Amino acid sequence: MRSLTQLAEQASSIPLSDEDIDWLHLLLADWQVLADLSAADLVLWLPTRDDRFVAVAHCRPATSSTVHVDDIIGLYLPTAREVDMRRALVTGQVVRSSSARWAGTYSMMETCVPVWRNGRVIAVVTREANLSSPRLALGFEGWTDSAADILCHMMTRGEYPYDSTPTVTTRGVPRVLDGVVLMDPEGRVIKATPNAMSCLRRLGIRHNPVGKILVQEITEVVGEETVIEESLPVVVMGRASWRAEINAHASTVTMRALPLVEGRKRLGAVILTRDVSEVRRREQELMTKDATIREIHHRVKNNLQTVSALLRLQARRSGQDAVKEALTEAERRVQAIATVHDALSQNVDESVSFDEVARSVVRMSGAVSTTDHQVEVVTTGGFGTVRAAQAQALATVLNELVANSVEHGFRHGGGHVWVDARRGRGKGEADGDESTLVVTVADDGAGFEPGSPMSGLGTQIVRQMVRGELQGSIDYSPREGGGTLVSLRMRVE
């Protein structure tokens, strides 16, 4: 399916700048409201180089049956309908068909609305209402058609779509189906759908608000302790196309204003309402659960650090070197797991950006491992994001590999340990699957004899973790130039 930009470049006979395309995208982002208010299909047409019109976008109404069951994007306008379309394109005025037209097995009423920007018409929108389908019983009583007519005339003057509507990142954006209020220029309620009346009752407005100034009614029910958004008066008065959220009587209602204007003259406003009390309650529950999970990770980290400190104290009191070494290794392993929980306590997801964790783990492993010589640990590449369960195992494996390199490779001198991580490929390999993580731990130490038994506790832990939690593979080999090269390959979920 070709995009609007592609269709405009390939078919439109009107040169459209990037700003023109952005304006059309702004219209498409908000025209579901217009389709629902008018209970009609909206189709965006562009004139073509062969003197025809092609459909580049289509929106079906949620308040009535559609005219076009099949997809029409990329299709040409029938020749019989081109007269009104050309009039709208040339005159820049709304052109309403004088009689109903047939569309397949049912009739429709068509209105052509030119899209005006910077002194010229750049496209035409048709409102196509299915006359054979009654409106859904939403209490509109036809008054929303008048509001839709005003918005269409605003489109011909470049006043609609609104360029000041803020981007909403939360759920619960109000729609026509959720409730509509029509207001006069002074902010008095003229009409309201049953769903809108229900939203106002949730806020505590029990009486009929028709004829009343809406902002005064809402001010009376909002408690003094309630935090009020700065945009609320502007929205409730219908002065700007903004959104606001109102909390009162344990209910939450979002409102969005659609100002109706003619130049500098205010004609009134349409207010969309939606009861989002349940949505916000669930979001609050999720936030509480996220905070609880972070607190659990924080407490686990603190407990593990306490265990680590106890092991350190016990190691200092022991008079046997073997016991000291065993307790020090246990402390190092506990501290590696604590590092992962510390990272998880800063995150709302059950995943962690592993690069900083890896640097902390290998730095600690190189510092506390048993050796009398200077060993420098260098990390390169990037691990990316890793699930919590994999992060625990990967931190333990890195801890053991670095510790083994330091303790067994540098008993008679100093050197270097290099830890490299790559997503989708190993160092020097071609690009591969990004879900594959390749980690290499190399050192320039004493190395090992290929085929020699590797039965230490650290090696057993590594093999068990790699085959179990990480579901990967690990390979030990002599490093070119001396030392040991360990390659770990795993799938990152």
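Residues numbered from 1 in each chain as written. Predicted model: local features only at pLDDT ≥ 70, side-chain atom pairs only at ≥ 80, totals over all residues. Heavy atoms only, no water.

Caption draft 1: The arrangement of the sheet that holds strand E7 (residues 180-183) in detail. Here 5 strands make up an open sheet; going across it, the order is E8-E7-E11-E10-E9 and the pairing antiparallel. Single-partner strands in this sheet number two, and they are strand E8 (189-192) and strand E9 (243-248). Direction aside, the axes of adjacent strands within the sheet are offset by 25° on average. Two strands pair when backbone bridges link them, and E7 and strand E11 (residues 265-275) are joined in this way by 4 bridges, in the antiparallel orientation. Of the residues in E11, the one forming a bridge with Val181 is Ile271. Packed on one face of the sheet, helix H5 (residues 194-203) meets E7, E8, E9, strand E10 (251-262) and E11 and runs near 130° to E10. (Pairing = 2+ DSSP bridges. Helix = DSSP H or I, 4+ residues; strand = E, 2+ residues; numbered from the N terminus. Axes fitted to C-alpha atoms, helices over the stretch in contact; angles between N-to-C directions. Contact = heavy atoms within 4.5 Å.)

Caption draft 2: Summary view of the pattern of salt bridges. The tally for this structure, following the rule as stated, stands at 17 salt bridges. Here Asp178 makes a salt bridge to Arg175, at a shortest N to O gap of 2.8 Å. Residue classification places Asp178 among the buried positions, given a relative accessible area of 15%. What makes Arg175 partly exposed here is its relative accessible area of 41%. Put simply, Glu278 and Arg281 hold a salt bridge, and the shortest N to O gap is 2.3 Å. Here Glu278 pairs with Arg281, and both are found in helix H8 (residues 277-317), just 3 residues apart, close to one helical turn. (Salt bridge = Lys/Arg side-chain N within 4 Å of Asp/Glu carboxyl O. Buried < 20%, exposed > 50% of the residue type's maximum accessible area, 1.4 Å probe, protein only.)

Caption draft 3: Structural detail: the environment of Thr63. With respect to the helices, strands and loops of the structure, Thr63 is situated in the loop between strand E2 (53-59) and helix H3 (82-91). Classification of Thr63 by relative accessible area gives buried; the value is 0%. Within the structure, Thr63 has its side chain in polar contact with the backbone oxygen of Asp36 (distance 2.8 Å). (Polar contact = N/O pair within 3.5 Å; in protein donor to acceptor, adjacent residues only side chain to side chain.)

Caption draft 4: Quick peek at the sheet that holds strand E15 (residues 415-423). With mixed pairing, the 5 strands of this open sheet are ordered in space as E13-E15-E16-E18-E17. With one partner strand each, in any of the chains shown, strand E13 (375-381) and strand E17 (473-478) form the two edges of the open sheet. Between one strand axis and the next, the sheet turns by 15° as a mean value, whatever way the strands run. Looking at chain direction, E13 and E15 are connected through 7 bridges and run parallel. Residue pairing in the sheet places Thr379 in a bridge with Val419 of E15. Packed on one face of the sheet, helix H12 (residues 457-467) meets E17 and strand E18 (484-491) and runs near 140° to E17.

Caption draft 5: Representation of helix H1 (residues 4-11). The complete set of buried residues in H1 reads Leu4, Leu7, Ala8 and Ala11. All buried residues of H1 project into a common sector of 100° when viewed along the axis, lining one side. Summarising the contacts, the buried residues of H1 are in contact with helix H2 (18-38), strand E1 (41-47) and E2. (Arc of directions from axis to C-beta.)

Caption draft 6: Region of the structure containing the side chain of Asn130. If you trace the backbone, Asn130 turns up in strand E6 (residues 120-130). Residue class for Asn130 comes out buried when judged on its relative accessible area of 7%. Among the polar contacts made by the side chain of Asn130, one reaches the main-chain carbonyl oxygen of Thr66 at a distance of 3.4 Å. Residues contacting Asn130, with those up to four places away along its chain left out, are Ser65, Thr66, Val67, Tyr106 and Ser107.

Caption draft 7: Inspection of the packing of H1 against H2 at higher detail. The N-to-C vectors of H1 and H2 enclose an angle of 135°; their axes lie 11 Å apart at closest approach. One finds that H1 runs oblique with respect to H2. With respect to the hand of their crossing, H1 and H2 are arranged in right-handed fashion. Within the contact between the two elements, H1 uses Leu4, Thr5 and Ala8 and H2 uses Ile21, Leu24, His25 and Leu28. Of the residues in the contact of H1 with H2, the class split is 5 nonpolar, 2 polar and no charged. (Parallel < 35°, antiparallel > 145°, perpendicular 65-115°, else oblique. Left-handed = near helix turned anticlockwise from the far one by under 90°. Nonpolar A, V, L, I, M, F, W, Y, C, P; charged D, E, K, R; others polar.)

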